[in-house]
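Reading the structure
Here are the chains, one letter per residue:
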Amino acid sequence: GDGNPKESSPFINSSEATEKSQQYDGKHMALFEEEMETSPMVSSMLSSLANYSNLPQGSKEHEEEADNEEEDKKKKKPVKAPALGTLMGVYLPCIQNIFGVILFLRMTWMVGIGGVIGSFIIVFMCCSTTMLTAISMSAIATNGVVPAGGSYYMISRSLGPEFGGAVGICFYLGTTFAGAMYILGSIELLLIYILPQAAIFKMEGLEGAEAEAAMLNNMRVYGTIVLSFMATVVFVGVKYVNKLALLFLACVILSILAVYAGVIKTAIEPPDFPVCMLGNRPLISKGFDVCAKTLESGNGTVTTKLWKIFCDTPFLNATCDEYFSNNNVSFIQGIPGVMSGILKENLFGNYLEKGNLVAKIGIATVEGPDETLTNSNRYVLADITSFFTLLVGIYFPSVTGIMAGSNRSGDLRDAQKSIPIGTIMAITTTSLVYMSAVVLFGACIDGVVLRDKFGEGVNGNLVIGTLAWPSPWVIVIGSFFSTCGAGLQSLTGAPRLMQAISRDGVVPILRVFGHGKANGEPTWALLLTACICEIGILIASLDAVAPILSMFFLMCYMFVNLACALQTLLRTPNWRPRFKFYHWALSFLGMSLCLSLMFICSWFYAIVAMVIAGSIYKYIEFHGAEKEWGDGIRGISLSAARYALMRLDEGPAHTKNWRPQLLVLVSTDVEQNVEQPRLLSLTNQLKAGKGLTIVGTALAGTYLENHPQAQRAEQSLRKLMETEKVKGFCQVTISSNMRDATSHLLQASGLGGLMHNTVLVSWPRNWKQADDHQTWRDFIELVRETTAAHLALLVPKNIAAFPSNGERFSEGHIDVWWIVHDGGMLMLLPFLLRQHKVWRKCRMRIFTVAQMDDNSIQMKKDLTTFLYHLRIDAEVEVVEMHDSDISAYTYEKTLVMEQRSQILKQINLTKTEREREGGAQTPGSAEVQMTWTEKADGELANSGHLVYSNRNQSNVRRMHTALRLNGVIVKKSSEAKLVLLNMPGPPKNRAGDENCILLSLSLSLTLRELPRVVVLEQTFIIASTGPALAFWGT
């Protein structure tokens, strides 16, 4: 209780401990007090964790930008918590966006052309697609705090910046073209049904293409005017658009209720709605008042206006149109009612070619065998060629708009609850309305009226309006305002989506569109949206624009389903949606439906949309800002990499797949800068971005003390790799000494089957200096280790003289001195180098050395044949090296080597070891008495004369071969751009330095006076045939 004394402090006799004990007193957390200095306690973090806001980059700044100026003047007012619930925040906005212009202008025509069955299939497919997408979207939206950004943020944070940017731009284009479609729909309502006399380009008296062109021009002019007006309204203030949203929604709901009321009325009392028919052809109702050829009056029979249209004179003996003469004029009921049984007639489709007559099925007609169509402007004709896939493309925009709730997620009281419920309920409601509308339209309206797209046979009325109760004007006015409202919503939402993409910075070229007015309004993005929307206006055809935006919306929905499926299958720990009614199979089904519908609508538009998305993807991949959002694509990459590594490790690689996988060993200076940058240039020229490349460096010391230096070295390696365009990995190893660090790097690099098989290291510097003897000793150890590990070793000498990636050799030779069979590696290297633009124009020459008993002519023929099988174009030369007397210079060099070995041994031995060594003589060893002088090149003095006798004859012969080989190489290849030759194997005896010095000195003598040399040491068994077989392709 409160009266209990507190526990005594665990810290004794320490004022600092006393303060700490007071700080954590009563919390019983003294055990973790050191961790508390860097990591806060959970109890203090719960409040901030509960109020966590995962606003992505760009959206949070957008929300706060309007208050930036007021912060300096007065204290910021507390922000009101979002108060929108499921009904007002998600359900009604989705209803408003889903119900649109297609329902009022094209739904009846689609039922008439496609039939009730075909139209129902289309509606069911499209609604199923959006329902499956909504399920996937609900899972993504409930996986954590929903950002205030809608579908773009869902896709980008689930699939990464490349997919997110590409799909985000496609969704932006779809929303923009949707604005154009709504504007065109409102103009169509205005010029055809509300105010036809407002047309600038008059269509009266025009037929065919002329009338169509006049209509399109009217759409373009009025569409541009309306677009400019709407863009101005959006620019002036979005708050006016939001205030009118409820009005537009009321218009939509009222119009739909009027249609259902009309259907009910037809069941009780079918309306008297006659349609004038000539034979089986409906007539355009304009131009005549009475649907009859003649009328009976007191003075006899008189002709009507209809007679005058089809005959040359108003008299009964006039010459009339043949079809007019052979067929009777009659009435049919355009709306026979839901109980009339007309549904049977409308069950199946009746697709028409452009210019075909709209005719009623089941009415007798008389047509002459050679009769041609005359007076075509008096009949109702098909304005476009119709087919099933076209109907899908035109209808699909009427089911879009399911993202409206997720786009408002920042304003919702509980987005994780409201988005799934509201979106799925809205799709269910609209799907039921659409499916019932298909059946009811087919059951109430005659097929010939349904196929009359513009209502020309029903006195120019909107066909769906003829069904409405109490008046057709309810539908006309309601649909006009709803389409205008939908257009304003599109012009409001699209610029904000573009602004969000721009502020994310994933597409550098679009960053300018992230700027706007002081209050955050996207001015530049609105201008871009208006320009793109104008493209849709210039197309001027609702039927042509609808498939375009269908492509972009379908692509967006496809990637929403893909994102959910990937997250589910990868089982990432962060994937814990509150919405549980999802499954990866449903997401894949939705994705498949989206992809299928894209090609069903228009294979051409589908390919164009994919090319656009693919181009944006590659642009972001190469030039976009690097973002790490923990996306699913990274998870797929990890899974695919693990699977590939496991496959690689299943067995030894076939020789056909052999290629040099490089481990490049570089050294760094005190500042951790790379000392041999041209080594990476050579790496780029060898690899050209293919295969594995690991660039590593070694540091001496302990890991805890040298970790900052290791990080700087790694950054330096990454920067140089980026500069030299070397694609690969970098690795820094720290050990107690450089020898061990390099050995660890050689052993630990790579993973599983993705291991290096070739080591590239520069020739050691200053190896002749007595105070730097450890350099060449480490180098010899490296040679031994690569041999033991069955790795190839490439050692370029004079690496600073090698060309950079920007240089070009216009001519020259790459000389290969093939002395020892290495499995074809020496042949492979010039082939790889010549793939790069630096060495592309260099020709290849191959030299081989003939021994005393060899036939030089036959060797040249055999080598030429061998190169022919390898498909290598190269000059061949056989060099003869006859035995000759060993020169005094050779003996002197050998003597220098042996004396240096003895002196270094004396330096490294302790006094006791020296005495022990002095008392013991190795049998057969030569007795040497000489002194070391500091003269150049290590001249020797031995009481006035040199001892040439009893020298180690093996060492003398090796030195002699090096000198002779150097003379031949300098003579033949002194002008070559690059010389490649074999390296002799490392000394087998590791005891003593004599053999090490011999190898170093003999190599140095062999390579002297050559500007660019790469020596190859390769002794492993598999690769002894691997590269050659890889060349042969056997």
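The rules behind these values
- Residues numbered from 1 in each chain as written.
- Predicted model: local features only at pLDDT ≥ 70, side-chain atom pairs only at ≥ 80, totals over all residues.
- Heavy atoms only, no water.
- UniProt positions renumbered as here; feature names shortened; annotations may be inferred.
- Helix = DSSP H or I, 4+ residues; strand = E, 2+ residues; numbered from the N terminus.
- Buried < 20%, exposed > 50% of the residue type's maximum accessible area, 1.4 Å probe, protein only.
- Contact = heavy atoms within 4.5 Å.
- Areas by Shrake-Rupley, 256 points an atom, 1.4 Å probe, with all protein chains shown as cover.
- Axes fitted to C-alpha atoms, helices over the stretch in contact; angles between N-to-C directions.
- Parallel < 35°, antiparallel > 145°, perpendicular 65-115°, else oblique.
- Left-handed = near helix turned anticlockwise from the far one by under 90°.
- Nonpolar A, V, L, I, M, F, W, Y, C, P; charged D, E, K, R; others polar.
- Pairing = 2+ DSSP bridges.
- Salt bridge = Lys/Arg side-chain N within 4 Å of Asp/Glu carboxyl O.
- Patch = residues over 30% accessible without salt bridge, like charges linked within 9 Å, V, L, I, M, F, W, Y side chains within 5 Å.

As named in an unreviewed UniProt entry, the chain is Solute carrier family 12 member 5b, taken from Hucho hucho. According to the UniProt record, the Subcellular location (unreviewed entry) comment for the chain is "Cell membrane". Listed under Sequence similarities (unreviewed entry) in UniProt, the entry text for the chain is "Belongs to the SLC12A transporter family. K/Cl co-transporter subfamily."

This part is about the overall build of the chain. When helices and strands are tallied, the chain shows 35 helices and 17 strands. For the chain, buried positions account for 50% of its 1034 residues. At a minimum sequence separation of 6, the contacts of the chain that also span at least 24 residues come to 81%. Accessible surface for the chain amounts to roughly 50,400 Å². Of this, 57% is attributable to carbon and sulfur atoms.

Further remarks concern the packing of helix α10 (residues 208–236) against helix α19 (residues 472–504). Remark: α10 packs on α19, axes separated minimally by 10 Å, with the N-to-C direction vectors making an angle of 55°. Accordingly, the angle class assigned to the pair α10 and α19 is oblique. Where α10 crosses over α19, the handedness of that crossing is right-handed. Here Leu227, Met230, Ala231, Val233 and Val234 of α10 lie close against α19, whose contacting residues are Cys484, Gly487, Leu488, Leu491 and Thr492. Classifying every residue of the contact of α10 with α19 gives 8 nonpolar, 2 polar and no charged.

What follows covers the sheet that holds strand β8 (residues 729–735). If you trace the 10 strands from one edge of the open sheet to the other, you get β8-β7-β6-β9-β10-β17-β16-β11-β12-β13, paired in mixed fashion. The sheet is open, and its two borders are formed by β8 and β13 (875–880), each paired with just one other strand. Pairwise comparison of adjacent strand axes, ignoring direction, gives a mean angle of 20° for this sheet. Here strand β6 (residues 662–666) pairs with strand β7 (residues 693–700) via 5 bridges, running parallel. Across the sheet, the residue bridging to Val664 is Val695, located in β7. Across the sheet, helix α25 (residues 677–687) lies against β6, β7, β9 (758–761) and β10 (792–797), angled at about 170° from β6, the strand it touches most.

Counted under the stated rule, the structure contains 15 salt bridges. The salt bridge partner of Arg784 is Glu781, with a shortest N-O separation of 2.7 Å. Of the two residues, Arg784 and Glu781 both sit in helix α28 (residues 773–788), 3 residues apart, roughly one turn of that helix. Glu781 shares its class with Arg784; the two are buried. Notably, a salt bridge pairs Lys972 with Glu877, separated by 2.6 Å at the nearest N-O pair. Residue Lys972 is found in helix α33 (residues 953–973), and its partner Glu877 is found in strand β13; the two are separated by 95 residues along the sequence. A relative accessible area of 27% places Glu877 in the partly exposed class. Several salt bridges share partner residues, and in doing so they unite Arg106, Glu188, Asp383, Lys453 and Asp543 into one network.

Turning our attention to a nonpolar patch on the surface. A cluster of nonpolar side chains, contributed by Leu595, Phe599, Trp603, Phe604, Ile607, Val608, Met610 and Val611, occupies part of the molecular surface with about 720 Å² of accessible area. Looking at the nonpolar patch, the elements that each hand over two or more residues are α22 (584–601) and α23 (603–623). No other element matches the 6 residues that α23 contributes to the nonpolar patch.

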